[in-house]
Protein chains: 2
Amino acid sequence: MAAQPHPVAGPAVRPHVVIVGGGFGGIEAAKVLGKASTKVKVTLVDRRNHHVFQPLLYQVATGAINPANIASPIRRILRSYDNIEVLLGDVESIDVAGKKLKLTDDEILFDFLILATGATHSYFGHDEWEKDAPGLKSIEDALEIRRRVFLAYEAAERETDPRRRREWTTFVVVGGGPTGVELAGALAEIARHDLIHEFHKFNPARSRVILVEAGPRVLPAYAEDLSAKAKSQLETLGVEVRLGTRVTGIGEDGVMTDHGSIAARTVLWGAGVQGSPLAKTLGVPLDRAGRVKVEPDLTIPHASEVFVVGDLAAIETDGKPVPGVAPAAMQEGKYAAKTILARLAHKPTKPFRYLDKGSLATIGRAAAIGEIGKLHLSGFIAWAAWCFIHVFFLIGFRNRILVMLEWGWLYLFHDRGSRLITGPVDDLLEKEHPSTRPHVVPVTVEG
Amino acid sequence: MAAQPHPVAGPAVRPHVVIVGGGFGGIEAAKVLGKASTKVKVTLVDRRNHHVFQPLLYQVATGAINPANIASPIRRILRSYDNIEVLLGDVESIDVAGKKLKLTDDEILFDFLILATGATHSYFGHDEWEKDAPGLKSIEDALEIRRRVFLAYEAAERETDPRRRREWTTFVVVGGGPTGVELAGALAEIARHDLIHEFHKFNPARSRVILVEAGPRVLPAYAEDLSAKAKSQLETLGVEVRLGTRVTGIGEDGVMTDHGSIAARTVLWGAGVQGSPLAKTLGVPLDRAGRVKVEPDLTIPHASEVFVVGDLAAIETDGKPVPGVAPAAMQEGKYAAKTILARLAHKPTKPFRYLDKGSLATIGRAAAIGEIGKLHLSGFIAWAAWCFIHVFFLIGFRNRILVMLEWGWLYLFHDRGSRLITGPVDDLLEKEHPSTRPHVVPVTVEG
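What counts and how
Residues numbered from 1 in each chain as written. Chains lettered and ligands numbered in written order. Predicted model: local features only at pLDDT ≥ 70, side-chain atom pairs only at ≥ 80, totals over all residues. Heavy atoms only, no water. Helix = DSSP H or I, 4+ residues; strand = E, 2+ residues; numbered from the N terminus. Rg over C-alpha atoms; globule rule 2.2 N^0.38 Å. Buried < 20%, exposed > 50% of the residue type's maximum accessible area, 1.4 Å probe, protein only. Contact = heavy atoms within 4.5 Å. Least-squares fit on C-alpha atoms with pLDDT ≥ 70 in both. Patch = residues over 30% accessible without salt bridge, like charges linked within 9 Å, V, L, I, M, F, W, Y side chains within 5 Å. Areas by Shrake-Rupley, 256 points an atom, 1.4 Å probe, with all protein chains shown as cover. Salt bridge = Lys/Arg side-chain N within 4 Å of Asp/Glu carboxyl O. Axes fitted to C-alpha atoms, helices over the stretch in contact; angles between N-to-C directions. Parallel < 35°, antiparallel > 145°, perpendicular 65-115°, else oblique. Nonpolar A, V, L, I, M, F, W, Y, C, P; charged D, E, K, R; others polar. Buried area = accessible area lost by both parts, 1.4 Å probe. Pairing = 2+ DSSP bridges. Right-handed = clockwise from strand over helix to strand, strands pointing away. Phe/Tyr/Trp six-rings, centres within 6.5 Å; stacked < 30°, edge-to-face > 60°. Core = buried A, V, L, I, M, F, W, Y, C linked by side-chain atoms within 4.5 Å. Expected span 1.5 Å × (residues − 1).

Engineer: I tried to follow the overall build of chain A on my own but got confused; where do I start?
Structural biologist: A tally of regular secondary structure across chain A gives eleven helices and 27 strands. For 447 residues, the compact-globule formula gives about 22 Å, and the C-alpha radius of gyration of chain A, at 23 Å, lands near that figure. Oriented by its inertia axes, the alpha-carbon framework of chain A measures out at about 70 × 50 × 40 Å. Counting all 447 residues of chain A, 60% fall into the buried class. Of all intrachain contacts in chain A linking residues separated by at least 6 positions in sequence, the fraction that spans at least 24 positions is 67%.

This is the structure in structure tokens:
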């Protein structure tokens, strides 16, 4: 085994497994390996000190729950495993042949690598849209969206021109997948219920929330009848759903589509997915979304000691692509760790197989859909199941209790307890002033 | 009455009271005026959308509680008062003679003004120290301190040079007032108890926390016996208390004092107080700390319709200066509002008088001091009283419940639930690398 520039505790004979990424895949892999402390030593590297429970990120973005309640320090989660080290660091590239990772200011050698860096949003070649239509992948993203949403209402209260006020109270969400649907549903609830009696110059309930989706239905991963139910639940909440509508431009004054423009100051991005850029440094084939086309055992071609798990892995099992969801990432992380241990013990291994336990998508208060085998759920029952499962899978008893309390409070009192605007406020308020406000996108007011 | 550029709802005959600042003073004033909706209309302007419960800010800075649990949207607090408008805006200057406020992009006319913009930290003419020794006045400040503190431990885990690691695990707090004492106590608890078993390369319990105070004792607003008790409680927690030590320089590598240098990468500022800069635009005499020397009725000289309340007001009652604490700000806010209503009703008014109900300062777990009249408290009883009073005065039942739960969790499990590092991580990690790390301050390692 090669010498370690970063010495790791324990006897030098144990192979060194390096996990990059502390999301669902990375954490599950680490837990399996942590129970085999005599067999391997492990280093988990992440750019953040915390694991994020991504399925609830949209609730942070919409002020329903506190960021720390869906995030846990990675070293806290793994502190009971003596053979695991957690490092905060930014991996810049992977040298597969040399079995080493290059960090900004360091190198780490590995015997096995589990790459679990996930995916980010894709702007389909229009990265210039990002500044006017932020996506939702990290706590920072969520806080930025929260800032924009609640600042828009503040700006509307200060605005005297009705047309501009209309723009401040129009919210566009691009993308009809789970994130887009969740955000649109929550924005509609904020407008219709949660800000009542708080503004004097306008009625927040008259805000518009528009969900734009290029395809023919929302939540296309679900059966058609459930997509239709999701759409009607969104509409009941007050969301305008525009299907078959392709976005062609985004600026600070709104969105242009192939069916006309929408004047809006707040645009959120819930569309494309793109594999983490680190995948490019592996030197193996990627799919169109930049994900690694892995072998049936989740390794990369010609390097059986390098595994890719979670959203970054592109794989089909039972003839169907494995979806980019938390349960799949967890199963893949566990599989990769167990496969490494089996190989070290010279035991036979089987190809990865995804066990689909069903899926649920939430739309809003008492509104959700679910598909569990042949069972199709919607409405309150699906929503209750969604709540239960998401609290159950949250890491840490403390987080479970606090999230349940925050949900209960919101449900009973329509009070979003985390409605802080933090960070700069000047940029958006400045734009309000006619003389300082540039018109970069020609938009028309619709609806 | 002058025309309003910002039209305010309600009959035009009601005088317009403008409150600047949504802290303790501003909110209390607004509540009194909100109950007199037929007599006045009110506009409250703040740069932030939220009121912050400042006494618990240090607990956000040290990862004990979630930011939103000590902050409430101002318009939510005041939404039941029909005669109050809340505006997010940045007041740039006050035109006392013209009875108007100039905002970045707007003007607001007033009949009465209650200025409650508080104070910020003072670096005693060394504003260049701020970047290496952040102070604690806002949620943003608290999150920045939290980022630095927990990132320092991450950097220490990555550091291989023992001297540099020592610098990462040395924390200096400047100032022995309440904020400095609270921060130092919490930092010591983090080091001694809350990070146990989480790091492999060093023992967090061997971190140093040094409190530097220029004067002869900590918490000088309290009686001498209580200061001595506070010092010994700090030392029991593991804080090195250096009295009579004046800071002469602060750089990214440490602190220089008149008693030698301290090599430390994390320096926090809990020293001077300085009135908000807006006071300078009033054109009236300020004291050395930039606070407004108000008349006995809290108005400014020659303008009886302009009140200053809270930390920004410099006033003595009963021959003693009114301290810059929350109860004083609340009493002043209430007094100003009641005085305005009394004058409008042509009723007589009395000068402001501060009623000191006693004060409590916390040091750490089961450690605090208190002075209630002639009664001197310390230890567990003072701490329990402190906890009770601080939960009681938090705004909102939800926040009370959540803070109590977060405290209980921390108390029972030594687990700081809000230990997120958000924001940039590269800047501090970069510094760790020898080749990129500038040595701007010559420091010697002590102790």
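That was the structure; now back to the text.
Engineer: Even after reading the chapter, I still don't get the relation of the copies chain B and chain A, so can you show me in this structure?
Structural biologist: Applying a rotation about an axis and a shift along it to one chain copy brings it onto the other copy. Under the fitted operation, chain B is carried onto chain A by 0.0 Å of movement along the axis and a turn of 180°, and the coordinates agree to an RMSD of 0.0 Å. Seen this way, the second copy is the image of the first under a two-fold rotation axis. Looking at chain B, 100% of its interface residues are interface residues in chain A too, so the copies touch through the same face.

Engineer: Explanation requested: a nonpolar patch on the surface in the structure shown.
Structural biologist: Residues and elements named next belong to chain A. Among the surface-exposed residues, Phe-380, Ile-381, Tyr-411, Leu-412 and Phe-413 lie close enough to one another that they form a single nonpolar patch of about 550 Å² accessible area. Contributing elements (two or more residues each) for the nonpolar patch: helix 9 (380-393) and helix 10 (397-413). At three residues, helix 10 tops the list of elements feeding residues into the nonpolar patch. Counting through the fold element by element, Tyr-411 comes out in helix 10.

Engineer: Can you help me understand unusual backbone geometry in this one?
Structural biologist: With the exception of glycine, most residues fall at negative phi, and the peptide bonds are largely trans. With phi around 50°, B:Lys99 is a residue other than glycine that occupies positive phi space. Relative to the helices and strands, B:Lys99 is located in the loop between strand 6 (91-95) and strand 7 (100-103).

Engineer: Got a minute to help me understand the packing of helix 9 (residues 380-393) of chain B against helix 10 (residues 397-413) of chain B in this structure?
Structural biologist: For any two helices packed against each other, one specifies the inter-axial angle together with the distance between the axes. Residue and element names in this part refer to chain B. Running from amino to carboxyl end, helix 9 crosses helix 10 at an angle of 150°, the nearest separation of the two axes being 9 Å. Considered as vectors, helix 9 and helix 10 are oriented roughly antiparallel to each other. Here Phe-380, Trp-383, Trp-386, Cys-387, His-390, Val-391 and Phe-392 of helix 9 lie close against helix 10, whose contacting residues are Arg-400, Val-403, Met-404, Trp-407 and Tyr-411. By residue class, the composition of the contact of helix 9 with helix 10 is ten nonpolar, one polar and one charged.

Engineer: What's the story with the interface of chain B and chain A in this structure? I'm lost.
Structural biologist: Many structure descriptions define interface size as the accessible area lost when the parts assemble. Of the residues lining the interface, 65 residues belong to chain B; the matching set on chain A comes to 65 residues. Each partner contributes to the roughly 5,700 Å² buried at the junction of chain B and chain A, and carbon and sulfur atoms together form 53% of this total. Of all residues in chain B, B:Arg75, B:Arg158 and B:Arg398 give up the largest surface area on contact with chain A, accounting jointly for 14% of the area buried on that side. For A:Asp105, the salt bridge identified is with B:Arg158, shortest N-O distance 2.5 Å. Among the residues forming the side of chain B that touches chain A, the class breakdown is 26 nonpolar, 15 polar and 24 charged.

Engineer: Help me out: how do you make sense of the pattern of salt bridges in this one?
Structural biologist: Two side chains with opposite charge may pair up if their charged atoms get near one another. Evaluated as defined, the whole model comprises 54 salt bridges over all chains. One salt bridge connects A:Arg76 with B:Glu198, and the closest N-O pair in it is separated by 3.4 Å. Here the residue A:Arg76 occupies a position in helix 3 (residues 74-77), and B:Glu198 occupies one in the loop between helix 6 (178-194) and strand 12 (208-212), the pair thus bridging two chains. You'll find A:Arg76 and B:Glu198 in the same group, each marked buried.

Engineer: Would you mind showing me how to read the pairing of strand 2 (residues 41-46) of chain A here?
Structural biologist: Along any regular strand the residues' side chains alternate between the sheet's two faces. Residues and elements named next belong to chain A. Most of strand 2 sits inside the fold, with six of its six residues counted as buried. Alternating residues of strand 2 divide into Lys-41, Thr-43 and Val-45 and Val-42, Leu-44 and Asp-46, and every residue in both groups is buried. Note: strand 1 (residues 16-20) against strand 2, five bridges, orientation parallel. Bridge assignment links Ile-19 to a residue of strand 2, and that residue is Leu-44. Read as a crossover between parallel neighbours, the route from strand 1 over helix 1 (residues 24-34) to strand 2 is right-handed. With five bridges connecting them, strand 2 and strand 5 (residues 84-88) associate as parallel partners. Following the sheet pairing, Leu-44 is matched in strand 5 by Val-86.

Engineer: Sorry, what's going on with the packing of aromatic side chains here?
Structural biologist: The relation between two aromatic rings is expressed through the spacing of the ring centres and the mutual angle of the planes. Counted under the stated rule, the structure contains 32 aromatic pairs over all chains. Between A:Phe199 and A:Phe202, the ring centres sit 5.1 Å apart and the planes meet at 40°, which makes this aromatic pair tilted. Taking the relative accessible area as the measure of exposure, A:Phe199 reaches 10% and is therefore buried. Where B:Tyr335 meets B:Phe352, the ring centres are 5.5 Å apart and the plane angle is 70°; that geometry is what we call edge-to-face.

Engineer: Quick question: what am I supposed to make of the nonpolar core here?
Structural biologist: Soluble globular proteins: nonpolar side chains tend toward being buried together. Core analysis: the biggest nonpolar cluster contains 73 residues, and B:Leu56, B:Ile70 and B:Tyr153 have the highest contact counts within it. Residue contributions to this core peak at eleven residues, all from helix 4 (residues 139-158) of chain B. For B:Leu56, the contacting residues outside a window of four places in its chain are B:Ile65, B:Ile70, B:Trp386, B:His390, B:Leu394, B:Val403 and B:Trp407. If you look at the next biggest cluster of nonpolar residues, it comprises 72 residues, including A:Ala61, A:Ala68, A:Ala184 and A:Ala367.

Engineer: I keep staring at the sheet that holds strand 5 of chain A and nothing clicks. Help me out?
Structural biologist: One key point about sheets: their strands pair by backbone hydrogen bonds, in either a parallel or an antiparallel sense. Residues and elements named next belong to chain A. Read from one edge to the other, the open sheet built from six strands follows the order 5-2-1-9-21-20, with strand pairing classed as mixed. Since the sheet does not close on itself, it has two edges, and those belong to strand 5 and strand 20 (299-300), each with one partner. Here helix 1 sits on the sheet and contacts strand 1, strand 2, strand 5 and strand 9 (112-115); the angle it forms with strand 1, its principal contact strand, is near 160°.

Engineer: What exactly am I supposed to notice about the environment of B:Val267 here?
Structural biologist: Residues and elements named next belong to chain B. Tracing the chain through its elements places Val-267 in strand 17 (residues 266-269). The exposure class of Val-267 is buried, given its relative accessible area of 2%. A sequence separation of 136 residues divides Val-267 from Lys-131, and the C-alpha atoms of the two residues are 9.7 Å apart. Residues within four places of Val-267 in sequence aside, it is in contact with Asp-132, Ala-133, Pro-134, Val-172, Val-174, Ile-250 and Val-255.

Engineer: Could you clarify how one ought to interpret helix 1 (residues 24-34) of chain B in this entry?
Structural biologist: Residues that lie three or four places apart on an α-helix share one face, since the helix turns once every 3.6 residues. Of all eleven residues in helix 1 of chain B, ten are buried; the element is thus mostly enclosed. Buried within helix 1 of chain B we find B:Phe24, B:Gly25, B:Gly26, B:Ile27, B:Glu28, B:Ala29, B:Ala30, B:Val32, B:Leu33 and B:Gly34.

Engineer: Is there a simple way to explain the sheet that holds strand 16 (residues 260-263) of chain B in this structure?
Structural biologist: Residues and elements named next belong to chain B. Here we have three strands laid out as an open sheet, ordered 14-15-16, and antiparallel in their pairing. Strands at the two margins of the open sheet, each flanked by one partner only, are strand 14 (247-251) and strand 16. Ignoring strand direction, the axes of neighbouring strands in this sheet form an average angle of 15°. Of the strand pairs in this sheet, strand 15 (residues 254-257) and strand 16 are connected by four bridges, and their pairing is antiparallel. Residue pairing across strands places Gly-254 opposite Ala-263, the latter belonging to strand 16.

Engineer: Would you take a moment to explain helix 8 (residues 326-344) of chain A for this structure?
Structural biologist: Its 19 residues place the ends of helix 8 of chain A 27 Å apart at the C-alpha level, agreeing with the 27 Å of an ideal helix rising 1.5 Å per residue. Downstream of helix 8 of chain A by a residue or two, A:His346 has a phi angle that is positive, lying close to 55°.

Engineer: I tried to follow the environment of A:Val173 on my own but got confused; where do I start?
Structural biologist: Residues and elements named next belong to chain A. With respect to the helices, strands and loops of the structure, Val-173 is situated in strand 11 (residues 170-174). Given the relative accessible area of 0%, Val-173 is considered buried. For Val-173 and Val-241, which are 68 residues apart along the polypeptide, the C-alpha to C-alpha distance reads 9.7 Å. Excluding residues that lie within four positions of it along the chain, Val-173 makes contacts with Gly-180, Leu-183, Ala-184, Leu-187, Ile-210, Leu-211, Val-212 and Leu-268.

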